[in-house]
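Structure assessment
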Amino acid sequence: VLDQPFADSSMIPTFLLSKFAREEVVVALSGDGGDEGFAGYERYRAGRFLDSINPLLAVNPLKLFPAQRVTNPRFRKLIRHSSFQTLPRRYSGFQSLFQSSDLNSILSPDLLTKSHDDDFPNLRRMQEMDIKTYLPGDLMYKVDMASMSNSLEVRSPFLDYRVIEFGLSLPAKYKVAGGENKHILREIARDLVPSKLIDRPKMGFGIPRSRWLREDLKGPVQEILLSESSRSRGWYQFDKVEEILRRHNQGIELDSLIWPMFMLE
């Protein structure tokens, strides 16, 4: 269905949801664009918070915990991001499955390129980056491929350019306020839907990817990633790939590194 390598594993539940919805309807509405236009992601708050405590991060107490030895993937990511001293590098880290240190150790040196940091010091610039990259390159592609392969038409009202422009034009206090994201949308929605749907924590669209790679998919992953055809391409440093697979099977959650390589190969 995908036509090209695509490493967002939420494609699987999106495909299954589209198949389920098509049993009842031929057109559905999606909320894609709401998070980007009205600041719905937790990383927007996290990025701004870390930026505000940069002086403290200069003497980073989290450096006491070597990131590669931490099993919890969220804590490991926090450790790595806290060491970045600029918001652009930090936000790029939030958005990336691979960190630059991962790429340097896994990829063949011939494939490495220098990264470039744009200067985006505020909330709007973070939103704009997602609108130009994450939204079309991941979310919109995923939903389009998952829905159309099941003959389901999905429409996304939040992607109307006038809605996006309005969201970007709002002061930050209308988007991130009182400890909640998408503040203005939540306030509007309180007159339309039950509060329990508004105040619940944000939920991702995940799969038990880590367990699958350690159990059900362990054999196929080993066979495909370490195959002769994979080695002949010269893309990876295979001693590092073997180490990653070994550590993941030992309980260190490294599925965010393994899944993209698996999908690519």
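Not measured: the values here are computed from a predicted model. (Residues numbered from 1 in each chain as written. Predicted model: local features only at pLDDT ≥ 70, side-chain atom pairs only at ≥ 80, totals over all residues. Heavy atoms only, no water.)

Re the overall build of the protein chain
When you go through the protein chain residue by residue, the secondary structure sums to 17 helices and 2 strands. Looking at the protein chain as a whole, 39% of its 265 residues are labelled buried. Summing over all exposed atoms, the protein chain offers an accessible surface of approximately 15400 Å²; the carbon and sulfur share of this is 57%. (Helix = DSSP H or I, 4+ residues; strand = E, 2+ residues; numbered from the N terminus. Buried < 20%, exposed > 50% of the residue type's maximum accessible area, 1.4 Å probe, protein only. Areas by Shrake-Rupley, 256 points an atom, 1.4 Å probe, with all protein chains shown as cover.)

Examining the environment of Gln 99
Along the chain, Gln 99 turns up in the loop between α6 (87–95) and α7 (100–106). By relative accessible area, Gln 99 is classed as buried at 7%. Note: C-alpha distance between Gln 99 and Leu 257 (158 residues apart in sequence) is 9.4 Å.

Some remarks on the packing of aromatic side chains
Applying the stated criterion across every chain yields a total of 7 aromatic pairs. Residues Phe 38 and Phe 158 carry aromatic rings whose centres are separated by 6.2 Å and whose planes lie at 70° to one another, so their mutual orientation is edge-to-face. In this pair, Phe 38 sits in helix α2 (residues 34–38) while Phe 158 sits in the loop between β2 (153–155) and α10 (161–169), placing the two residues 120 residues apart along the sequence. Phe 38 gets classed as buried once you look at its relative accessible area, which sits at 4%. (Phe/Tyr/Trp six-rings, centres within 6.5 Å; stacked < 30°, edge-to-face > 60°.)

Overview of helix α16 (residues 238–249)
With 12 residues, α16 extends 16 Å between its outermost C-alpha atoms, agreeing within 8% with the 16 Å of an ideal straight helix rising 1.5 Å per residue. Among the residues of α16, those classed as buried are Phe 238, Lys 240, Val 241, Ile 244, Leu 245, Arg 247 and His 248. Those residues of α16 hidden inside the fold are in contact with α7, α13 (209–214), α14 (218–225), α15 (228–233) and α17 (255–264). One or two residues past the end of α16 sits Gly 251, with phi positive at roughly 115°. (Expected span 1.5 Å × (residues − 1). Contact = heavy atoms within 4.5 Å.)

Considerations on the pattern of salt bridges
Within this structure, the stated rule accounts for 17 salt bridges. Residues Asp 255 and Arg 209 are paired through a salt bridge, measuring 2.8 Å at the closest nitrogen-oxygen approach. Here Asp 255, found in helix α17, pairs with Arg 209, found in helix α13; they are 46 residues apart in sequence, far enough to count as distant. Across the pair Arg 231 and Glu 242 runs a salt bridge, and its minimum N-O distance is 3.2 Å. With Arg 231 in helix α15 and Glu 242 in helix α16, this residue pair connects regions lying 11 residues apart in the sequence. Bridged by salt links that share partners, the residues Glu 180, Glu 187, Arg 190 and Asp 199 form one connected network. (Salt bridge = Lys/Arg side-chain N within 4 Å of Asp/Glu carboxyl O.)

Brief notes about the environment of Ile 224
Structurally, the position occupied by Ile 224 is in helix α14. When the C-alpha atoms of Ile 224 and Glu 265 are compared, they prove to be 7.0 Å apart, with 41 residues separating the residues in sequence. Look past the residues within four positions of Ile 224 in its chain and what remains in contact with it is Ser 230, Phe 262 and Glu 265.

With respect to the nonpolar core
Core analysis: the biggest nonpolar cluster contains 20 residues, and Ile 106, Val 221, Tyr 236, Val 241, Leu 245, Ile 258 and Met 261 have the highest contact counts within it. Elements with a minimum of two residues in this core: α14, α16 and α17. If sequence neighbours within four positions are ignored, Ile 258 has contacts with Leu 213, Val 221, Leu 225, Ile 244, Leu 245 and His 248. By size, the runner-up hydrophobic cluster in this structure holds 9 residues, among which are Tyr 91, Leu 123, Met 126 and Leu 135. (Core = buried A, V, L, I, M, F, W, Y, C linked by side-chain atoms within 4.5 Å.)

Examining a nonpolar patch on the surface
Side chains of Ile 188, Leu 192, Val 193 and Leu 197 sit close together on the surface and give an oily, nonpolar patch of about 390 Å² of accessible area. By the element assignment, Val 193 lies in the loop between α11 (183–189) and α12 (195–199). (Patch = residues over 30% accessible without salt bridge, like charges linked within 9 Å, V, L, I, M, F, W, Y side chains within 5 Å.)

Side note on empty space enclosed by the protein
The rolling of a water-molecule-sized probe over the atoms marks out the regions of remaining empty space. Within this structure, the stated rule accounts for 1 cavity of 30 Å³ or more. Here the largest cavity defines a volume of roughly 30 Å³. Taken together, Leu 213, Lys 218, Val 221, Gln 222, Leu 245, His 248 and Asn 249 make up the lining of the largest cavity. Of all the secondary structure elements, the ones that give two or more residues to the lining of the largest cavity are α14 and α16. (1 Å grid on protein atoms, 1.4 Å probe; cavity = no way out; pocket = protein on both sides within 12 Å on 5 of 7 lines; lining within 4 Å. Points joined across faces, edges and corners; volume = space filled by probe spheres on them.)

Notes on the packing of helix α8 (residues 123–132) against α10
For the pair α8 and α10, interaxial distance at closest approach is 10 Å and the crossing angle is 155°. In this view, α8 runs roughly antiparallel relative to α10, as classed from their interaxial angle. Contacts between α8 and α10 involve Arg 124, Gln 127, Glu 128 and Ile 131 from the former and Ile 164, Leu 168 and Ser 169 from the latter. Taken together, the residues of the contact of α8 with α10 break down into 3 nonpolar, 2 polar and 2 charged. (Axes fitted to C-alpha atoms, helices over the stretch in contact; angles between N-to-C directions. Parallel < 35°, antiparallel > 145°, perpendicular 65-115°, else oblique. Nonpolar A, V, L, I, M, F, W, Y, C, P; charged D, E, K, R; others polar.)

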